[in-house]
Structure formats: structure tokens, C-alpha cells
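One letter stands for each residue in the lines below.
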Amino acid sequence: MSLNLDSKIPSGPIEDKWTKHKFDMKLVNPANRRKFTAIVVGTGLAGSSAASSLGEMGYNVKAFFVHESPRRAHSVAAQGGINGAKNYKNDGDSTYRLFYDTVKGGDFRAREANVYRLAEVSGNIIDQAVASGVPLAREYGGLLSNRSFGGAQVSRTFYARGQTGQQLLIGAYQGMMRQAEKGQVKLFPRREMLDVVIVNNRARGIIVRNLITGELEKHEADVVIMATGGYANVFFLSTNAMACAVTAGWKAHKQGALFANPCYTQIHPTCIPVHGEMQSKLTLMSESLRNDGRIWVSKIQGDTRKANDIPESDRDYYLERIYPSFGNLAPRDVSSRQAKYRVDEGRGVGGKEAVYLDFKESISRLGQSAISERYGNLFEMYEKITGENPYQVPMRIYPAPHYTMGGLWVDYNLMSTIPGLFVAGEANFSDHGANRLGASALMQGLADGYFVLPYTIGNFLASVGNTEKVSTDHPAFAEAKNRVDAELSQLLKIKGSRSVDSFHKQLGRIMWDNCGMARNEQGLKKALEQIPQLKQEFWNDVYVPGDNKSLNPELEKAVRVADFFELGELMCRDALERNESCGGHFREEYQTADGEALRDDQAFCNVAAWEYKGASVAPQKHTEELVFEKVKLATRSYK
């Protein structure tokens, strides 16, 4: 039986929906807010901004994070910028244009109302960042500076050199720590959420493992907010930090939260290529570099000449050739596929999986000091990793797994299918469709935490009231804790012959080969045969040393990889059943004559939201039809 997925989108014109909804929502009296407790899991941009906002409003907040400091959240890795529809460049930007670019960039597979709200509050995010001391770049006259990003023909991206995510996180972190100092926010470092506790069909707490002592802890609350990031580490090699996982979201999924569009994964075109078997992650080079860097390969197959020895007449600036309107700032999915095509043609750099990102023309035109001022720290990072000076020779880049547009299904209020469980930032599916435009991840995280959840959580709490208090003595907490303890004990008992990492690498290769930058029916079916076999081998032959009563990083990894096996299956199933190409989901059977994505709006203009039915039972797919009232469905073109 299919669920009725009520997105709770307000009625009325799209320009008025959020304003009207804010007025229509119930409020919690300021004096009553101290009676409610909110759990926030994850303290990146979405989590820190939500915790600081709710604390400032007077709610009691418990914030949990796997690191020793909230400042180590993966949001720090976002380099290039954050979008905001301020039109400071007077080049035609507007709330509507940011909304349209985002819908189009997501290949018309995002919920229209959510995207408009994101664009609507984007300007407020920039004001909030400045007010909290974030050192965004400024023009000579003192106004905030903007630069361009992929998928847009206007300059709307605010930035702090190549450290935008880090600086924005420090701003949100400061707000949260202010509340921690006042006692409104209580911090729980080095904790990992391993289950959500459901009482009377409502999220009322979580089970966490203290990563230092190994102790399982029970925590209750009136509402739970998950802001735990994405799942690109299913590929093993990705731009994500190794601690990034799907575990929190997956445990919620197994308790009843639907998982939406898992096959929508973003392959970032501007990463340092793989350089060895022992590598554990890939390094991102900011998309902002494509403002001044030109991407090219040799026109000659198998050309082994050094970059500076290849004359202009033998260079193919393929993005500028194929997409003259957007050039090197074509969207990420489009740019990544074109790089793959060049390598598949045998024109990769030195016969390898890489293309050039060249700054010679910009340095000649602007001077090295100007390029250094814009991207200096990125150039230094590149040189430290590769040993090559990008001021003198072109960077070598290649696409890599980066962001995930899929995530837990949420309605307009950011609540999952478990009442009382809200999901923010990359952990939810809501705003990016099948492809995220660059500089929109930071925007969504802060929009959710600063400007959406403070309203929608108040509305939920006012609706359910404060009479039904729950303590950790409730049987549901013991049941959840026992579930977690049983899984940890099972992993420790196996005492097999293979390391956790060896399984993770093998799973990642299966996923990359069959559900990566390009997918096809044969490969996806092959993966759906291989993953269960590998998962069974994992549960029979993995070796996890130590115990669960102390610090045990291998046990942490084992839990995460066990969840990645199950997620990987769902990703491949979702990709197999979506018989179209859209954004980052590129099925080779569904493409135009010139290699572009070919959508099927008649059959697949919807959200695929999957319900967990049990360990040995196929998941059930539910769909939310996407209705476009403000924009017309159109073939996505950047030419």
C-alpha cells in the first residue's frame, strides 16, 4: 500500500507561500519555550545554526557531534562561496532568477515551493553572516564582493577566499557557543547517533555511543533534528571527510523515515585525481577556480607532451566549445560528464584520468598577484599535494563523488515521515533535485537552521503540547539501546580475516563502476548481485579488534560500512527503476544524440521515497508527484 506523502506545501502564489505559512503557524509563548528540549544531531552549518537559533529563542538544546569540536564538521571543506540573490553586481539577479537557476540546475526534479523559499531567504543569510562577523570578501569601496559559479550567468556567490565554509561555520559556531555559555545549549562531543527512539509514533530521543568510553547513552527530547550531512563516502573515495557517514539517517530510515532519491549523487568536476591505492579520500579544488581557469585537453589522442609544450592549436577548450553561453561555468554534472567523455576518447592528460585547469591566460591578463589574492590558499594546497606549481603549469583535475542530493524525505516544514523528526541540510532531499548548483549547499544549510526550523519546530511543539513527557526509563529507550548493543556485539564476535577498509574499498569500487558518473541497466543489475554477496562476506569475515567498552575507531567504521552496504543496494535499486537521465543520475540508455541527459517527465517527474520493510524484504517505493506551477518543464540546455 502506497503512503500518501503530504508535502504540506501552503496554498497561494509561490511568492507568498512562506510569508503566509509563517503567519498561519502556531507559536510557542517565549515563557513556555524553556519547557521544551530539542536534540540536534550534527553541528555543521545546518546543525550549529539550528542550535544557536533555538537556544536564542529560549529552547533547551542538546547538540551531539562525532568530533571533539563542532568546528571540525565537514562544512569547513566547502571552499568557493555561498549564493545570495542580492544583485550587488547589478547584472540582472533576483530572487526569481536564483529560484529558476536552482530548479533548472536540479534538472526539474526539486520541489518548487522549497526552492523558492531557499532563494527568498538567501539574502537574509548573507546579512546574518556579516552580522555574526564572517569576513566575506569586499570590493575596494567596502561593498561585499561576488563571483560567478556554475549554472548561472550572474555573479551572486559571496565568498571568503577559498575558506567560505570554514568562516561561515565559525560564525554559526560562535552563535551556538554563546548559547552554550548561557546554558541554553549543552554540547555532547565525540558522540555518534546509532538509533532514534520512537514513542507513540513520535521521535522522542536518540541512542548515542560515547566514542571515547564506548558507553551507550540514552537522551530524551521533545523534538529531534538531524543535520548529519551526506553519504558520498559510500564510494569510499570521495571529497568527504572519512567520518562522514549515512549511519544516523539510515538508522532513522530503518525506524520509519522514508529515504528519497538515493541515486541522486553529485560528481564534482574539479578534484585532484586519484594518485594511489593507499589513498583514503580525494581533495576538492573549489569550483570558484573555474572563474579564471580554462579547462582543456589535447586534440590528439594519447598525447604525452607536457602541458606547456602543447601549442594553442592542439588544445581543445571543450566546455567553451560545447557550451558557449556558460563555458567553463557549466553546471557540475554537465562538466563532469564532458571530462569523462574526453578521457574515454583517449585524450586524458598524459593518457590518464585527468584534464587540465589552466590559469595561464588569467595570470597574463590580471597578473599573478590578483590570482593569488583570489585563490592563493587553494593554489598552495594543490602544490603541497601534487608537488606542482599551478602558477607555472596547469592543474590536473578529474571528477569525484562529492555531494548527495538524496536524503531523508521531508515535507515543507522539514519534518520526516516520523513525526517530531526534522532533517536539515544535506541530510534531507528537499532543495537540489537531481543536481546541486555550486555554492548552494552552504545556502541550504544556513537557511534550514536560521530561517526555517525555528518556525516549523515551534509550530510542531505548539500543536502537540507539553503534557506527554517521556523519560529515558521508557521501554522504547531500552529496546533501542538493546538493538544497538546487539549490532555492536555481533560485529565484534565475527573475528574474521579482512579489515573494515578492505570491504569499504571493494564496495566503493562496485558503486563507482556501476552507479557512479554513468549508470546502465546491466551494470546496476550486476551491482545488485555483487553488493549482497559482499555484504554477506562482511558479516562472516570482517575483523574488528578491541571491544565496545572503550575507544575503538575500527568499530565505528564497521558500523558505518555495514550501513553503506544497505544504502548502496538502495541507491542501485533507485537508479535501476528511474528509467531516465536527469542531472547527476545519468543512465546511458537515456541520452540525446549529443550525449546530454534525456528526462522522461511523463513517467518520472516525481520524488522516489523508499520505505524500509526489513532486512530480507525488498523496500517499497512511494512517489511524490512534482508539480511545476511557476516554471515550465523544459529541456535543460546550457549551450
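Residues numbered from 1 in each chain as written. Predicted model: local features only at pLDDT ≥ 70, side-chain atom pairs only at ≥ 80, totals over all residues. Heavy atoms only, no water.

Can you help me understand the overall build of the protein chain in this one?
Secondary structure assignment for the protein chain yields 16 helices and 19 strands. Over its C-alpha trace the protein chain gives a radius of gyration of 24 Å, about what one expects of a compact globule, namely 26 Å for 639 residues. Counting over 639 residues, the protein chain shows a buried share of 61%. Considering only intrachain contacts with a sequence separation of at least 6, the fraction spanning at least 24 residues in the protein chain is 74%. With the model as given, the accessible surface of the protein chain reaches about 24100 Å², and the carbon-plus-sulfur share is 48%. Here the protein chain contributes 78 positive and 74 negative side-chain charges, whose respective centroids are spaced 3 Å apart. (Helix = DSSP H or I, 4+ residues; strand = E, 2+ residues; numbered from the N terminus. Rg over C-alpha atoms; globule rule 2.2 N^0.38 Å. Buried < 20%, exposed > 50% of the residue type's maximum accessible area, 1.4 Å probe, protein only. Contact = heavy atoms within 4.5 Å. Areas by Shrake-Rupley, 256 points an atom, 1.4 Å probe, with all protein chains shown as cover. Lys, Arg positive; Asp, Glu negative; His and termini not counted. Charge placed at Lys NZ, Arg CZ, Asp CG, Glu CD.)

It is not clear to me how the layout of surface pockets should be interpreted in this structure. Could you clarify?
Using a probe with the size of a water molecule, rolled over the atoms, empty space left in the structure can be pinpointed. The space that makes up the second largest pocket amounts to roughly 700 Å³. Taken together, 28 residues line the second largest pocket, and the ones lying closest to its centre are Leu237, Pro273, Val274, His275 and Arg509. Of all elements in the fold, only helix H10 (368-386), strand E15 (395-404) and helix H13 (500-515) reach the threshold of two or more residues within the lining of the second largest pocket. Looking at side-chain class alone, the lining of the second largest pocket contains 15 nonpolar, 7 polar and 6 charged residues. When residues are assigned to domains, the lining of the second largest pocket turns out to be shared by domain 1 (269-400) and domain 2 (475-605), each giving three or more. (1 Å grid on protein atoms, 1.4 Å probe; cavity = no way out; pocket = protein on both sides within 12 Å on 5 of 7 lines; lining within 4 Å. Points joined across faces, edges and corners; volume = space filled by probe spheres on them. Nonpolar A, V, L, I, M, F, W, Y, C, P; charged D, E, K, R; others polar. Domains from an automatic or database assignment.)

What is the right way to read the pattern of salt bridges from this model?
As a working rule, side chains carrying opposite charge can pair if their charged atoms are close by. If you walk through the whole model with that rule in mind, you get 54 salt bridges. When salt bridges with common partners are traced through the structure, they connect Asp107, Arg109, Asp333, Arg337, Arg578, Glu580, Arg599, Asp601 and Arg636 into a single cluster. (Salt bridge = Lys/Arg side-chain N within 4 Å of Asp/Glu carboxyl O.)

Honestly, H10 in this entry has me stumped. Any pointers?
Here H10 is 19 residues long, yet its end C-alpha atoms lie only 20 Å apart, well below the 27 Å a rise of 1.5 Å per residue gives. The sharpest bend along H10 reaches about 85° and sits at Tyr375. Along H10, the residues classified as buried are Ile371, Tyr375, Gly376, Asn377, Leu378, Phe379 and Tyr382. Where H10 is buried, its residues meet helix H9 (360-366) and E15. (Expected span 1.5 Å × (residues − 1). Bend = angle between axes of the 7 residues up to and from the residue.)

Please explain the pairing of strand E14 (residues 355-358) as it appears in this structure.
The two faces of a sheet get side chains in turn, since along a regular strand they alternate between them. Burial along E14 is two-sided: the residues Val355 and Leu357 and Tyr356 and Asp358 are all buried. Of the pairings in the sheet, the one linking strand E12 (residues 294-298) to E14 comprises 3 bridges and is antiparallel in character. If you follow Ile295 over to E14, its bridge partner there is Leu357. Pairing analysis gives 3 bridges linking E14 to E15, with the strands arranged antiparallel. Paired with Leu357 across the strands is Met395, a residue of E15. (Pairing = 2+ DSSP bridges.)

All we've got here are geometric facts, nothing functional implied.
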